[in-house]
Amino acid sequence: MVEINFDGIPGPTHNYAGLARGNLAAEKHARMVANPRAAALQGLAKMRALAARGIPQAVLPPHERPLVPALRELGFEGSDAAIVTRVAREAPQLLAACSSAAAMWAANAATVSPSADTTDRRVHFTPANLIANFHRSLEAETTTRVLRTIFVDKERFAVHSPLPAATQFGDEGAANHTRFAAPAEGSGVEMFVYGRSALSAASAPQRFPARQTREASEAIVRRHELDPARVILAQQSPAAIDAGVFHNDVIAVGSGNVLFCHAHAFVGQPIVLEKLERMVSGFMPIVVTDAELSVSDAVATYLFNSQLIARANGTFLLVAPAECNEHTGARALLDRLVSGSSPIAEVITFNLRQSMQNGGGPACLRLRVALTPAERAAIRANVFLDAALADELEAWIRRHYRDRLAPDDLGDPALLEESRRALDELSTMLRLPAIYPFQR
Ligand code: SUG
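Residues numbered from 1 in each chain as written. Predicted model: local features only at pLDDT ≥ 70, side-chain atom pairs only at ≥ 80, totals over all residues. Heavy atoms only, no water.

1. Let's talk about the overall build of the protein chain
Counting its regular elements, the protein chain contains 16 helices and 15 strands. In terms of overall size, the protein chain behaves like a compact globule, its C-alpha atoms giving a radius of gyration of 20 Å where 440 residues would be expected to give roughly 22 Å. Considered along the principal axes of its C-alpha atoms, the protein chain spans approximately 60 × 45 × 45 Å. Counting over 440 residues, the protein chain shows a buried share of 60%. Across the protein chain, contacts joining residues at least 24 apart in sequence account for 75% of those joining residues at least 6 apart. For the protein chain, the accessible surface area stands at approximately 16,300 Å², while carbon and sulfur atoms represent 53% of it. Taken as two groups, the 44 positive and 46 negative side-chain charges of the protein chain have centres that lie 1 Å from each other. (Helix = DSSP H or I, 4+ residues; strand = E, 2+ residues; numbered from the N terminus. Rg over C-alpha atoms; globule rule 2.2 N^0.38 Å. Buried < 20%, exposed > 50% of the residue type's maximum accessible area, 1.4 Å probe, protein only. Contact = heavy atoms within 4.5 Å. Areas by Shrake-Rupley, 256 points an atom, 1.4 Å probe, with all protein chains shown as cover. Lys, Arg positive; Asp, Glu negative; His and termini not counted. Charge placed at Lys NZ, Arg CZ, Asp CG, Glu CD.)

2. A word on the site of the ligand
What surrounds the ligand is a group of 21 residues, the closest being Leu19, His135, Arg211, Asp249 and Cys364. The contact in question runs from an oxygen atom of the ligand to an N or O atom on the side chain of Arg136, over 2.9 Å. The fraction of the free accessible surface of the ligand (490 Å²) that becomes covered by protein chains is 100%. According to the grid-proximity analysis, the pocket containing the ligand is the largest cavity. Grouping the amino acids of the shell around the ligand by side-chain chemistry returns 10 nonpolar, 8 polar and 3 charged. (Near = heavy atom within 4 Å. Polar contact = N/O pair within 3.5 Å; in protein donor to acceptor, adjacent residues only side chain to side chain. 1 Å grid on protein atoms, 1.4 Å probe; cavity = no way out; pocket = protein on both sides within 12 Å on 5 of 7 lines; lining within 4 Å. Sits in = over half its atoms within 2 Å of the grid points. Nonpolar A, V, L, I, M, F, W, Y, C, P; charged D, E, K, R; others polar.)

3. Examining the environment of Asn248
Turning to its location among the elements, Asn248 is positioned in the loop between α9 (238-242) and β9 (252-255). Excluding anything up to four places from it in sequence, Asn248 contacts Ala175, Asn176, Thr178, Val193, Gln236 and Phe266.

4. Topic: the pairing of strand β13 (residues 316-321)
The side chains of a regular strand alternate between both faces of the sheet. Of all 6 residues in β13, 6 are buried, a share of seventy percent or more. Burial along β13 is two-sided: the face carrying Phe316, Leu318 and Ala320 and the face carrying Leu317, Val319 and Pro321 are both buried. Bridge count between strand β12 (residues 307-310) and β13: 4 bridges; the pairing is antiparallel. Following the sheet pairing, Ala310 is matched in β13 by Phe316. What sits between β12 and β13 in their antiparallel hairpin is a turn of 5 residues, with Gly314 showing a positive phi close to 90°. Strand direction decides the pairing type here: β13 and strand β14 (residues 344-350), joined by 6 bridges, are parallel. Looking at the pairing, Phe316 lines up with Ile344 of β14. Taken together, β13, helix α12 (residues 328-339) and β14 form a β-α-β motif whose crossover is right-handed. (Pairing = 2+ DSSP bridges. Right-handed = clockwise from strand over helix to strand, strands pointing away.)

5. Quick look at the pattern of salt bridges
As a working rule, side chains carrying opposite charge can pair if their charged atoms are close by. Under the definition given, this model contains 25 salt bridges. Note that Asp7 is salt-bridged to Lys46, the shortest N-O span being 2.8 Å. Of this pair, Asp7 sits in strand β1 (residues 2-8) while Lys46 sits in helix α2 (residues 36-52); the two residues are 39 residues apart in sequence, bridging distant segments of the chain. Residue Asp7 is classed as buried on the basis of its relative accessible area of 1%. Between Glu425 and Arg399 there is a salt bridge, and its shortest N-O distance comes to 2.5 Å. (Salt bridge = Lys/Arg side-chain N within 4 Å of Asp/Glu carboxyl O.)

6. Considering the pairing of β9
Across the two faces of β9 the burial is the same, with Ala252 and Gly254 and Val253 and Ser255 all buried. Where β9 and strand β10 (residues 258-262) come together, 4 bridges link them in antiparallel fashion. If you follow Val253 over to β10, its bridge partner there is Phe260. Linking β9 back to β10 in an antiparallel pair, the connection comprises 2 residues, with Gly256 at a positive phi of about 55°.

7. Let's talk about the packing of aromatic side chains
A ring pair, where both rings are aromatic, is described by two values, the distance of the centres and the angle of the planes. Inspection of every chain in the model, using the stated rule, returns 9 aromatic pairs. Aromatic side chains Phe6 and Phe384 sit 6.1 Å apart centroid to centroid with 65° between the ring planes, which places their arrangement in the edge-to-face category. Within this pair, whereas Phe6 is found in strand β1, its partner Phe384 is found in the loop between α14 (373-377) and α15 (387-400), the two being separated by 378 residues in sequence. Pair check on accessibility: Phe6 and Phe384 agree, each one buried. (Phe/Tyr/Trp six-rings, centres within 6.5 Å; stacked < 30°, edge-to-face > 60°.)

8. Here we look at the packing of α15 against helix α16 (residues 413-429)
Between two packed helices, what matters for the description is the angle formed by their axes and the separation of those axes. Between α15 and α16, whose axes approach to 10 Å, the crossing angle comes to 170°. The orientation of α15 relative to α16 falls into the category roughly antiparallel. In terms of crossing hand, the pair formed by α15 and α16 is right-handed. Of the residues in α16, those touching α15 at Leu389, Glu392, Leu393, Trp396, Arg399 and His400 are Glu418, Arg421, Ala422, Glu425, Leu426 and Met429. In the contact of α15 with α16, the residues fall into 6 nonpolar, 1 polar and 5 charged. (Axes fitted to C-alpha atoms, helices over the stretch in contact; angles between N-to-C directions. Parallel < 35°, antiparallel > 145°, perpendicular 65-115°, else oblique. Left-handed = near helix turned anticlockwise from the far one by under 90°.)

9. Examining the layout of surface pockets
By volume, the largest pocket amounts to about 920 Å³. Lining the largest pocket are 37 residues, and of these Met1, Glu3, Ser255, Gly256 and Ala310 sit closest to its centre. Looking at which element gives the most residues to the lining of the largest pocket, the answer is strand β15 (residues 366-371), with 5 residues. Per-class residue counts for the lining of the largest pocket are 20 nonpolar, 10 polar and 7 charged. (Points joined across faces, edges and corners; volume = space filled by probe spheres on them.)

Written out as structure tokens, the structure reads:
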């Protein structure tokens, strides 16, 4: 099995609208002028660099934005251009929500269980319903369609529907899910991290919303036909959520037999680590203490929103945001990890500032999908990144994307036309027919 990183491509309407409460970076940068072209090029540069190192890389397309059908459902009528103009005037926050390029954060697209873990030996996907935020809830339908188009072979892949769109089943996808597996073992241990429980007693954050429920995670364990003996459910620390850790991947990242996390990531953390120790052979936790880096500095640097990638020699590569270089504590910690006896042997950093300012680091931008060679071969879409596709994508971004998008620009009907032209071309390039509402 190989793990493939499917990265979301930031879309042509990438902007800063301050839509996500409890996401401190997004709140801080609300109404700033965005650069969609730079956002897409920064994401592509990361993908290109990882692919060049032989790390399998694929892409997921942006979604149609502004999403006029969503505005029609809210009662706006007329031509598409007339709707955009009117909503910009009467309800700019609705236009911002329906224009968000948040689908770039592919870690929230779905939860994925590889075939080695499931009873029916298919790869299971549950697209996230993202109901905690209106602008993100709009992603579920297109994500489901895109995943069903890419992972079309029903003998090998099961793409479920999103969970019911009710607060009891709030689901934010792989950002709250980690799969561990010892190098020589086939089946993995899947850890699901929830922020609150809707139907049973559990502590909850006071200040910011907990987006993932225990009930959603439990439903995914059932649907994906996982062995309950190889599943761990853990609660995220409510204090961490209140400090800006709106997804588990802001405070922890795991891969293979390694978990890299902060000491204040989970409720009852020693018990969680003990369970992992018992279940994952050769388990190696790397736990960062408060003295090394506070939770608020972890949120500011996004240190734990790094990609942890296993290398053939058993060591790991950490793909971190450039912000970690600029923070003395985070930089020193990374240097210590690499020079010491930790399994992390190399750190590389990327400038992903456009995404970071909305609270999305390297790990948010990718969805990990582990596939066998036969499963990989069953995919016909042109989504696997090689140098040729990277060049095509770069030229496409330079042709279509604006380098400046202010909040008021969302009301420009020309932006709608530009975005549709760009996405139409992209879906042909990626061999993903009719995935967008405007194409149907
Ligand atoms: O859901 N930001 C996203 C960031 C998601 C990051 N993903 C992971 N941690 N896996 C969110 O909070 C901000 C959009 C705006 O305000 O314009 C936003 O939706």
